[in-house]
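Architecture at a glance
One letter stands for each residue in the lines below.
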Amino acid sequence: MGLTAPGSGSVLAVDAGNSKTDVAVVTAAGEVLATARGGGFRPPAVGVAAALDALAEPVARAFADAGVTSVSHVSACLANADLPVEEEQLATALRARGWGASVEVRNDTFAILRAGVAEPRGVAVVCGAGINCVGMRPDGRTARFPAIGRISGDWGGGWGLAEEALWFAARAEDGRGEPTALARTLPGHFGLPTMYALIEALHLEHVGHDRRHELTPVLFATAAGGDTVARRIVARLAEEVTVLATVALTRLELLGEQTPVLLGGSVLTAGHALLDDGIRDLLTARAPKADVHVVTASPVLGAALLGLDRLEAGTAARERVRGYWHR
């Protein structure tokens, strides 16, 4: 049966990324009844209907394990929900599934933000495959960016960093650019002798396109080794993260208040000292009241907390659900 009786309340929390999806069924008291994991959520690649069909599989398992057929509220933080119009389209499609009496869809960056703060107040910058930033206040105001790529003014992310490193390395080898150790370390990662060999391998897909992300750690290692060009790329990412956070704080009128600034995503949680130090130094200068820390909690926790916020659950419920993922 569903947990939809008046006063009881329940949440289906969904954190759906490009590579994996986590779902959880949580009571209004913060008890986690069930969790499940599924594959990636990629509406642009497969269409909304097929993406939701894939999401239905872990949801069905979680519902079965929790002994429910529906919930009071669906709190879904979804990759590829980059614009408000996309959030509404996905919310409409989710409502049609009948999983919950109400549905709220947010970009998945909001899950990382909410997972890292005690209340819905702060800013998060996430740098994984791409880069994004969101902020929120308890009164419901938010700050966000389209985060679609270069057409929306974005720079950075693992894929972008790999492309940038390749560009500088190629020009260094053929003489158009300044020397850099990247011309040696990037092809060396794949056991190739030169950038020309790597360019050929990438172009002819002897090295698959999906392996380009492997070059991002190589970039950071080369920067840590002292290479000027690689260090400059890392410094630019630190600048970009700082600009995103500062603009979001300004929009939310939080620049002058002690405010959490969360860093998440594979690039920002990898412990690259040069990048971490650069971000903290820049934010200290431009947003001295920012309380900067890295978020390592599971993003589905953030989706669950957003759902409990919607149900107006108390502090004890929020602490209980947080404790589940911090065991």
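Since we're looking at a predicted model, the values are computed, not measured. Within each chain, residue numbers correspond to sequence positions counted from 1 in written order. Restriction of local features to residues with pLDDT of at least 70 applies here, the model being predicted, together with a cutoff of 80 or more for giving and counting side-chain atom pairs; totals for whole chains, interfaces and linings are based on all residues. Where side-chain values are given, they derive from all heavy atoms of the structure, hydrogens and water being excluded.

**Topic: the sheet that holds strand β9 (residues 259–264)**
- Strand order in the open sheet made by the 5 strands is β8-β7-β6-β9-β10, with mixed pairing throughout. Either end of the sheet is taken by a strand with one partner, and the two such strands are β8 (142–144) and β10 (290–294). Here the strands of the sheet are splayed against their neighbours by 15° on average, with no regard to which way each runs.
- Two strands form a pair only when DSSP identifies at least two bridges running between them. Note on conventions: DSSP H or I runs of at least 4 residues are helices, E runs of at least 2 residues are strands, and numbering of each starts at the N terminus. Where strand β6 (residues 122–127) meets strand β7 (residues 131–136), 6 bridges bridge the pair, whose relative direction is antiparallel. Bridge assignment links Gly122 to a residue of β7, and that residue is Met136. A fitted line through C-alpha atoms serves as each axis, taken over the contacting stretch for helices, and the angle formed by two N-to-C directions is quoted from 0 to 180°.

**Side note on the pairing of β7**
- Burial classes follow relative accessibility: with a 1.4 Å probe on protein chains only, a residue under 20% of its type's maximum area counts as buried, one over 50% as exposed, and anything between as partly exposed. Most of β7 sits out of view: 6 of its 6 residues are buried.
- Burial of β7 is two-sided: the residues Ile131, Cys133 and Gly135 facing one way and the residues Asn132, Val134 and Met136 facing the other way are all buried.
- From the end of β6 to the start of β7, which pair antiparallel, there are 3 residues.
- Of the strand pairs in this sheet, β7 and β8 are connected by 3 bridges, and their pairing is antiparallel. Its bridge partner being in β8, Val134 is matched across the sheet by Arg144.

**Re the nonpolar core**
- Buried Ala, Val, Leu, Ile, Met, Phe, Trp, Tyr and Cys residues form a nonpolar core when they are joined through side-chain atoms within 4.5 Å. Residues Leu182, Leu186, Leu237 and Leu275 are the most contacted members of the largest nonpolar core, which totals 53 residues.
- Looking at this core element by element, the count peaks at 11 residues for helix α9 (residues 228–251).
- Of all hydrophobic cores here, the second largest spans 29 residues; its members include Val26, Leu262, Val295 and Ala313.

**Structural notes on the packing of helix α6 (residues 182–189) against helix α8 (residues 215–224)**
- Packing of α6 against α8 leaves a shortest axis separation of 10 Å and a crossing angle of 145°. The way α6 lies across α8 gives a crossing that is right-handed. The segment α6 lies against α8, with Leu182, Thr185, Leu186 and His189 engaging Leu215, Val218, Leu219 and Thr222.
- When the residues that make up the contact of α6 with α8 are grouped by side-chain class, the tally is 5 nonpolar, 3 polar and no charged. By the definition used in this description, the sense in which the near helix is turned from the far one sets the handedness, with an anticlockwise turn below a right angle giving left-handed and a clockwise turn giving right-handed. Contacts are assigned to residue pairs with any non-hydrogen atoms lying within 4.5 Å of each other. Note that Gly is not counted as nonpolar here; it falls among the polar residues with everything else outside the nonpolar set of Ala, Val, Leu, Ile, Met, Phe, Trp, Tyr, Cys and Pro and the charged set of Asp, Glu, Lys and Arg.

**Side note on the side chain of Arg114**
- In this structure, Arg114 sits in helix α4 (residues 109–115).
- Taking the relative accessible area as the measure of exposure, Arg114 reaches 0% and is therefore buried.

**Quick look at unusual backbone geometry**
- Positive phi, normally seen in glycine, also occurs at Glu205, with a value near 60°.
- Locating Glu205 in the fold gives a position in the loop between α7 (195–203) and α8.
- Its relative accessible area of 60% is what places Glu205 among the exposed residues.
- Positive phi is not limited to glycine here, since Glu312 has a value of about 55°.
- Its location among the elements puts Glu312 in the loop between α11 (299–310) and α12 (315–325).

**Let's talk about the environment of Val300**
- Along the chain, Val300 falls in helix α11.
- Using a relative accessible area of 3% as the deciding quantity, one classes Val300 as buried.
- In sequence terms Val300 and Ala143 are 157 residues apart; their C-alpha atoms lie 21 Å from each other.

**Here's the deal with the sheet that holds strand β4 (residues 71–78)**
- If you walk across this open sheet you meet the 5 strands as β3-β2-β1-β4-β5, and the pairing is mixed. Only two strands of the sheet have a single neighbouring strand rather than two, namely β3 (32–39) and β5 (100–107). Recorded for the sheet is a direction-independent mean angle of 15° between the axes of neighbouring strands.
- Of the pairings in the sheet, the one linking strand β1 (residues 10–16) to β4 comprises 6 bridges and is parallel in character. From the neighbouring strand, Ala16 faces β4, where its bridge partner is Leu78.

**Here's the deal with helix α10 (residues 273–286)**
- Every helix has an expected span of 1.5 Å times one less than the residues it contains. With 14 residues, α10 ought to run about 20 Å at 1.5 Å a step, and its terminal C-alpha atoms sit 20 Å apart, in line with that.
- Looking only at α10, the buried set comprises Leu275, Asp276, Gly278, Ile279 and Leu283. The arc enclosing the buried residues of α10, seen along the axis, measures out at 165°, which places them on a common side. Residues Asp281, Thr284 and Ala285 are exposed on α10 and point more than 90 degrees away from its buried face.
- In this structure, the buried side of α10 is in contact with α8, α9, β9 and β10. An arc is given here, and it is the one of the directions from the helix axis to the C-beta atoms.

**Some points on the pairing of β6**
- The element β6 is largely enclosed, with a buried count of 6 among its 6 residues.
- Residues Gly122, Ala124 and Val126 line one face of β6 and the alternating positions Val123, Val125 and Cys127 line the opposite face, and both faces are buried.

Distances and angles like these do not, on their own, reveal function.
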